[in-house]
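What follows is each chain in one-letter form.
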Amino acid sequence: LTDGGSVVEWLRSIFQLQDDTEFDKVMVRVEGEYCKQQQEGEVAMHQLSTIPFLSGERSTGYRTLATGGICGITRETTREEIIVSMLEGVVLRLNAILELLIGAKKLFKMEYYANDP
C-alpha cells in the first residue's frame with residue numbers, strides 16, 4: 001500500500017486540519033470514537049465501511065482505476081467516524097498485504113523442503 005499516507009493528507013485537507021495542534025486534538029477524539037465503537041461490539045448501526053482507494057488500488061492488485069467509497073454515511077455521521085473508517089480501511093489493506101507475504105513465505109518453505117535431499 002503505497003498510498004496510505006495520502007489518505008491522511010486527504011482527510012486533513014477536507015476537514016481543514018493542516019495545523020498540527022488541531023490535527024492532534026482531532027486524533028485524540030478519533031481514538032475515543034474508535035474505543036467507543038469497540039466497546040459497543042463488532043457491528044454498530046452507525047459504523048461505516050470504507051474503501052480507501054483515493055488514487056486507485058496500489059497494493060495487492062494494483063488497479064489504477066479503482067475508486068474509493070464510504071458506505072453507511074448519514075447526516076449524523078461525524079468527522080471522527082469518517083476518519084476512523086478511513087484509517088481502518090488502510091489497516092485492512094495492510095493486512096491483505098501481510099497475508100500475501102505470509103503465504104509467499106509458506107510457499108517458499110514448501111518448495112525449499114521439497115528440494116531438500
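Residues numbered from 1 in each chain as written. Predicted model: local features only at pLDDT ≥ 70, side-chain atom pairs only at ≥ 80, totals over all residues. Heavy atoms only, no water.

Participant: How do you make sense of the nonpolar core when you look at a structure like this?
Facilitator: Side chains of a nonpolar character, in soluble globular proteins, are inclined to be buried together. Ranked by internal contacts, the top residues of the largest apolar core, which has 13 residues, are Leu11, Phe15, Leu17, Ile82 and Ile83. Elements represented by at least two residues in this core include exactly helix H1 (4-14), helix H2 (20-40) and helix H3 (79-114). It is H3 that contributes the most residues to this core, 5 residues altogether. (Core = buried A, V, L, I, M, F, W, Y, C linked by side-chain atoms within 4.5 Å. Buried < 20%, exposed > 50% of the residue type's maximum accessible area, 1.4 Å probe, protein only. Helix = DSSP H or I, 4+ residues; strand = E, 2+ residues; numbered from the N terminus.)

Participant: I'm lost on the pattern of salt bridges in this one. Help?
Facilitator: If the charged atoms of two oppositely charged side chains come close together, the side chains can form a pair. According to the stated counting rule, one finds 6 salt bridges in the structure shown. A salt bridge links Arg63 to Glu57, with the shortest nitrogen-to-oxygen separation between them at 2.3 Å. Residues Glu57 and Arg93 are paired through a salt bridge, measuring 2.9 Å at the closest nitrogen-oxygen approach. Of the two residues, Glu57 sits in the loop between strand S1 (49-51) and strand S2 (69-71) while Arg93 sits in helix H3, which places them 36 residues apart along the sequence. Across this residue pair, the class does not change: Glu57 and Arg93 are buried. Bridged by salt links that share partners, the residues Glu22, Arg29, Arg79 and Glu80 form one connected network. (Salt bridge = Lys/Arg side-chain N within 4 Å of Asp/Glu carboxyl O.)

Participant: Got a minute to help me understand H2 in this structure?
Facilitator: Owing to its 3.6 residues per turn, the α-helix brings residues three or four apart onto one side. With 21 residues, H2 extends 30 Å between its outermost C-alpha atoms, agreeing within 8% with the 30 Å of an ideal straight helix rising 1.5 Å per residue. Considered for burial, the residues of H2 that qualify are Phe23, Val26, Val30, Glu33 and Gln37. With its buried residues spanning 75 degrees around the axis, H2 presents them on a single face. Counted as exposed and oriented over 90 degrees from the buried face of H2: Val28, Glu31 and Gln39. (Expected span 1.5 Å × (residues − 1). Arc of directions from axis to C-beta.)

Participant: How should the environment of Thr60 be read in this particular structure?
Facilitator: Within the fold, Thr60 resides in the loop between S1 and S2. Given a relative accessible area of 36%, Thr60 falls into the partly exposed group. Taking the C-alpha atoms as reference points, Thr60 and Ile97, 37 residues apart in sequence, are found 6.3 Å from one another. Not counting chain neighbours up to four residues away, the residues in contact with Thr60 comprise Arg93, Ala96, Ile97 and Leu100. (Contact = heavy atoms within 4.5 Å.)

Participant: Looking at this structure, how should I read the side chain of Arg93?
Facilitator: Assessed through its relative accessible area of 17%, Arg93 is described here as buried. At a separation of 2.9 Å, a polar atom in the side chain of Arg93 contacts the side chain of Glu57. (Polar contact = N/O pair within 3.5 Å; in protein donor to acceptor, adjacent residues only side chain to side chain.)

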